[in-house]
2 protein chains.
Amino acid sequence: MNFESANFFKPGKKIMVLGGDGFCGWPTSLHLSGLGHEVTIIDNFSRRNIDNELESNSLTPVYPMGTRLNAWEEMSGQFIDFHRIDIAVEYEKLLQIVNEKKPDVIVHFAEQRSAPYSMKSPAHKRYTINNNLNATHNLLSVIVESGLDIHLVHLGSVGIYGYGTAGIKIPEGYLDVEVQTETGERLKKQILYPTNPESIYHLTKSQDQLLFFYYNKNDQVRITDLHQGIVWGTNTNETSLDERLMNRFDYDGDYGTVLNRFLMQAAVGHPITVHGTGGQTRAFIHIQDTVRCIQLAIENPPLPEERVMIFNQVTETYRIRELAELVSNLTGAPIQYVPNPRNEPAENELSISNDHLLSKGLNPITLDHGLMQEVTMIARKYAHRVNHAKIPATSTWTKEKQPGVYDAFSK
Amino acid sequence: MNFESANFFKPGKKIMVLGGDGFCGWPTSLHLSGLGHEVTIIDNFSRRNIDNELESNSLTPVYPMGTRLNAWEEMSGQFIDFHRIDIAVEYEKLLQIVNEKKPDVIVHFAEQRSAPYSMKSPAHKRYTINNNLNATHNLLSVIVESGLDIHLVHLGSVGIYGYGTAGIKIPEGYLDVEVQTETGERLKKQILYPTNPESIYHLTKSQDQLLFFYYNKNDQVRITDLHQGIVWGTNTNETSLDERLMNRFDYDGDYGTVLNRFLMQAAVGHPITVHGTGGQTRAFIHIQDTVRCIQLAIENPPLPEERVMIFNQVTETYRIRELAELVSNLTGAPIQYVPNPRNEPAENELSISNDHLLSKGLNPITLDHGLMQEVTMIARKYAHRVNHAKIPATSTWTKEKQPGVYDAFSK
Ligand SMILES: NC(=O)c1ccc[n+]([C@@H]2O[C@H](COP(=O)([O-])OP(=O)(O)OC[C@H]3O[C@@H](n4cnc5c(N)ncnc54)[C@H](O)[C@@H]3O)[C@@H](O)[C@H]2O)c1
Ligand SMILES: NC(=O)c1ccc[n+]([C@@H]2O[C@H](COP(=O)([O-])OP(=O)(O)OC[C@H]3O[C@@H](n4cnc5c(N)ncnc54)[C@H](O)[C@@H]3O)[C@@H](O)[C@H]2O)c1
């Protein structure tokens, strides 16, 4: 096997991937296992259960975990261990497996990650808050209780930054500000970027950030928090090896991110539905680059006693209508503008630093190069599996839509 | 009955007090009921159960809720309704009672509020995170689901500000900063003060603040968040009317705040134990002023669509050793310096704005005037009830104490 990333090969780290059955977690687990690391996946299958609840499905087939792991062992000769644990609830089980495995690194994907799902109903809001905050806090507490020096790599979201702010380029986590002392002196300081989460889901990521700040300060836990953009693309080098290793492709109104939804709509002859004017600017990254970035984060841990490292894991920004045009050009599908269910500005600029990952040598896959493959290899190929009822986005942000506050910087 | 605050009398508001069996909640409930408001108390008695767990007790007798409410009806002729509900867990019950009562105001005290308790063990950390965040989030979700225009008054803590910052006077919630745009322009902005919580307990208050920011932005919930200092004193005008109405006086190492612990130590002939050098500066407020401040908050709600109102509910700051000297002078007890179990700087300055409550006419009770009454009427009177084993503070912040980061403003 010839992994593209073989030149980074430093095998033998013990790595736990929490949420390793999910869209980002599965390809990450294979990538790290392929690099020769000893990987253990933890997942509670809540994402598969949510498919049942929503009566929706991945466009691509998602095989049972046992089948996935056997296929991987067949293809790569590598063994991945798996434990079904709800990390938000089963604290003792998580502690036990951490004490047993003594991981060098834990990659934490295990959260409810859909903004629309988090806004569906009070019960969905409560589930998202409860699941995500207890998941992250339990993990931090386990790391401290284990007494091990574990590097925690967490996936955050650029959605906590809000919609871009009055010409400020969004920094990697920390913002330079000037404040005035009581005696009128001006001080230059650096603070956590004041967040303006877009949904209950994003709110949990802002709150996670405070958990990390605290545990890093009080217990010197080493943490890298990757504020990720919208991940597009389906397969990586490893998941492409066999259909049984195939990754999820969510297209429904709740879990399908914007690009997947456009691709699927085009493939089944539905017009491409743009919310509002499509002037919203969003940040993107390809799934292949996600797994590389996680590898980079693992290979460049913060020093002991260093503050939380925060990086923006995005490679491009696009306006939604530009994206729609891109897909329309590739497929011939028409574009349709529909009312926006979200509380957000019609148009926004977004400028985000991503110097860190570029400085580490990432050579990103861009939308205008990689998109055609998604059209032919995924959307068209699996179009027969689509459930048409699941195409519209039905979760709204408020009962009657209200004007939102779009800026954490008031005044 | 002649309530001192009778001139504020605007009776007839429907007010729910969550955590109304607690140290602040009970006197607040009586005060608001005495003003002629229709009060409903919600509590799950978790604080009483924690006394059982810790094998500790209030120095003053705390009567059962039924006895308390009957005594209040006898003394004042006013009825207070009570429901035992765990607001972090029993969402549907909370929703039902809110839909029934249709409160104008909900005062939210119902959180685990001891910093040392929150640091005792992983289980205590997890309980505090889980209880406090779900309690606050459930309440916000209930308010939105009810569709009622309810003013939420929450008790936060000045402990989220950290230990004072390089000469910056801590503002009431929002900090003025200057930031630079991508094109080099300087912008004046106002942001939520970047918090630096002192413990897991305080962390939950920082996270609550983000919940409030979000629900105010997305759902226009009207919220006042009162960042309170350490509350001292035991009784108010109303709790003094009858022994059955008496308020809690916590003196143990976990729930006893610094002043109560000093008073109790002096009363039982134990030296006054100061942690570290006693150079830590802390902010204080008397319980009688707490209940008045809550009344002020209720009478001055934010406008619809206004951002979260944040005020600092403190009236004085003292260094711990000054406080020890004050108690030593009043009682003759000697002072003893012991190692500090907390991660905090040995000495800190603390300058906190409290313009709002002063502008609303609060005339504070000061420590040098009110303290003698606590010595004679509480500490000496009930000294026979003390459990000597509970005097030392045993919760430590880390296994081996580490140097902490004392400043949310790094660099
Ligand atoms: N997909 C994106 O576009 C995107 C963008 C930015 C950030 N992220 C972040 O990356 C992470 C992974 O996202 P994803 O797209 O792979 O989501 P996903 O839902 O496909 O995967 C998450 C996995 O975590 C598991 N999980 C959830 N709660 C759990 C719990 N309590 N215990 C054990 N397992 C649990 C789920 O079963 C699922 O397999 C999330 O934290 C998400 O917020 C994703
Ligand atoms: N006492 C202080 O010095 C002080 C200082 C600053 C802020 N505060 C804040 O004021 C509030 C009240 O503090 P206190 O000193 O009265 O504390 P307390 O522990 O005496 O009272 C809290 C009450 O809330 C109840 N409660 C807790 N969780 C609950 C739940 N899930 N459902 C229902 N009831 C629940 C408890 O049983 C208790 O009666 C807290 O939020 C605290 O953080 C207190």
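Residues numbered from 1 in each chain as written. Chains lettered and ligands numbered in written order. Predicted model: local features only at pLDDT ≥ 70, side-chain atom pairs only at ≥ 80, totals over all residues. Heavy atoms only, no water.

**Concerning the interface of chain A and chain B**
Okay, so step 1: Taken together, the 68 residues of chain A in the interface contact 68 residues of chain B.
Okay, so step 2: Each partner contributes to the roughly 5600 Å² buried at the junction of chain A and chain B, and carbon and sulfur atoms together form 53% of this total.
Okay, so step 3: Applying the counting criterion to the chain A and chain B interface returns two salt bridges. (Contact = heavy atoms within 4.5 Å. Buried area = accessible area lost by both parts, 1.4 Å probe. Salt bridge = Lys/Arg side-chain N within 4 Å of Asp/Glu carboxyl O.)

**Quick notes on the relation of the copies chain A and chain B**
Okay, so step 1: Between chain A and chain B, which share one sequence, the superposing operator has a rotation angle of 180 degrees and an axial displacement of 0.0 Å; the RMSD is 0.0 Å. One copy is carried onto the other by what is essentially a two-fold rotation axis.
Okay, so step 2: A share of 100% of interface residues in chain A that are also interface residues in chain B marks the association as one of identical surfaces. (Least-squares fit on C-alpha atoms with pLDDT ≥ 70 in both.)

**Quick word on the site of ligand 2**
All names here are of chain B.
Okay, so step 1: Neighbouring ligand 2 are 27 residues; Cys24, Asp43, Arg113, Tyr201 and Lys205 lie closest to it.
Okay, so step 2: One of the backbone N or O atoms of phenylalanine 23 is found 2.8 Å from an oxygen atom in ligand 2.
Okay, so step 3: The side chain of aspartate 86 places a nitrogen or oxygen atom 2.9 Å from a nitrogen atom of ligand 2.
Okay, so step 4: Starting from 820 Å² of accessible surface for ligand 2 in isolation, the protein chains cover 98%. (Near = heavy atom within 4 Å. Polar contact = N/O pair within 3.5 Å; in protein donor to acceptor, adjacent residues only side chain to side chain. Areas by Shrake-Rupley, 256 points an atom, 1.4 Å probe, with all protein chains shown as cover.)

**A look at the pattern of salt bridges**
Okay, so step 1: The full count for this structure, using the stated rule, is 44 salt bridges over all chains.
Okay, so step 2: With a shortest N-O distance of 2.8 Å, Asp51(A) and Arg248(A) are connected by a salt bridge. Taken together, the positions of Asp51(A) in helix 2 (residues 46–54) and Arg248(A) in the loop between strand 9 (230–232) and helix 8 (258–267) put the pair 197 residues apart, joining distant regions of the chain.
Okay, so step 3: The shortest N-O distance in the salt bridge between Glu347(A) and Arg319(A) comes to 3.7 Å. Here Glu347(A) is found in the loop between strand 14 (335–338) and helix 11 (355–359), whereas its partner Arg319(A) is found in strand 13 (residues 316–319), with 28 residues between them in sequence.
Okay, so step 4: Residue classification places Glu347(A) among the partly exposed residues on the basis of a relative accessible area of 39%.
Okay, so step 5: Arg319(A) gets classed as buried once you look at its relative accessible area, which sits at 16%.
Okay, so step 6: Among the ionic contacts, a cluster of salt bridges with common partners joins Glu178(A), Arg186(A), Lys188(A), Glu178(B), Arg186(B) and Lys188(B). (Helix = DSSP H or I, 4+ residues; strand = E, 2+ residues; numbered from the N terminus. Buried < 20%, exposed > 50% of the residue type's maximum accessible area, 1.4 Å probe, protein only.)

**Observations regarding the sheet that holds strand 13 (residues 316–319) of chain B**
Residues and elements named next belong to chain B.
Okay, so step 1: Spatially, three strands are ordered 9-11-13 in an open sheet, and the strand pairing comes out mixed. Each having just a single partner strand, strand 9 (230–232) and strand 13 make up the two edges of the open sheet. When strand polarity is set aside, the average angle formed by the axes of neighbouring strands in this sheet is 45 degrees.
Okay, so step 2: Here three bridges tie strand 9 to strand 11 (residues 281–286), and the two strands are oriented parallel to one another. By the bridge assignment for strand 11, tryptophan 232 is matched with histidine 286.
Okay, so step 3: Each of strand 9 and strand 11 is contacted by helix 9 (residues 287–299), which is oriented at about 75 degrees to strand 11, the strand it contacts most.
Okay, so step 4: Against the sheet, helix 12 (residues 367–380) touches strand 9, strand 11 and strand 13, its axis set at about 55 degrees to strand 9. (Pairing = 2+ DSSP bridges. Axes fitted to C-alpha atoms, helices over the stretch in contact; angles between N-to-C directions.)

**Re the site of ligand 1**
Residue and element names in this part refer to chain A.
Okay, so step 1: The environment of ligand 1 is made up of 27 residues, and the closest members are Cys24, Asp43, Arg113, Tyr201 and Lys205.
Okay, so step 2: One of the backbone nitrogen or oxygen atoms of phenylalanine 23 is found 2.8 Å away from an oxygen atom of ligand 1.
Okay, so step 3: Between ligand 1 and the protein, one listed contact pairs an oxygen atom with a side-chain N or O atom of lysine 205 at 2.7 Å.
Okay, so step 4: Among the secondary structure elements, those contributing two or more residues to the shell around ligand 1 are helix 2, strand 5 (151–157), helix 7 (200–219) and strand 9.
Okay, so step 5: A per-class count over the shell around ligand 1 returns 12 nonpolar, eight polar and seven charged. (Nonpolar A, V, L, I, M, F, W, Y, C, P; charged D, E, K, R; others polar.)

**Side note on the environment of Ala379(A)**
Okay, so step 1: Position of Ala379(A) relative to the elements: it lies in helix 12 (residues 367–380).
Okay, so step 2: On a C-alpha basis, the gap between Ala379(A) and Gly184(A) in space is 61 Å, while along the polypeptide they are 195 residues apart.

**Considering helix 2 of chain A**
All names here are of chain A.
Okay, so step 1: Listing the buried residues of helix 2 in full gives Arg47, Ile50, Asp51 and Leu54. All buried residues of helix 2 lie within an arc of 110 degrees about the axis, which places them on one face of the element.
Okay, so step 2: Elements in contact with the buried residues of helix 2: helix 5 (115–118) and helix 6 (122–146).
Okay, so step 3: Remark: glutamate 55 follows helix 2 within two positions and exhibits a positive phi of approximately 55 degrees. (Arc of directions from axis to C-beta.)

**Points about the sheet that holds strand 3 (residues 81–84) of chain B**
Residues and elements named next belong to chain B.
Okay, so step 1: In space, the seven strands of this open sheet follow the order 3-2-1-4-5-8-12, with parallel pairing throughout. Each of the sheet's edge strands pairs with one partner strand only, and the pair in question is strand 3 and strand 12 (309–313). Pairs of neighbouring strands in the sheet enclose a mean axial angle of 20 degrees, with direction left out of account.

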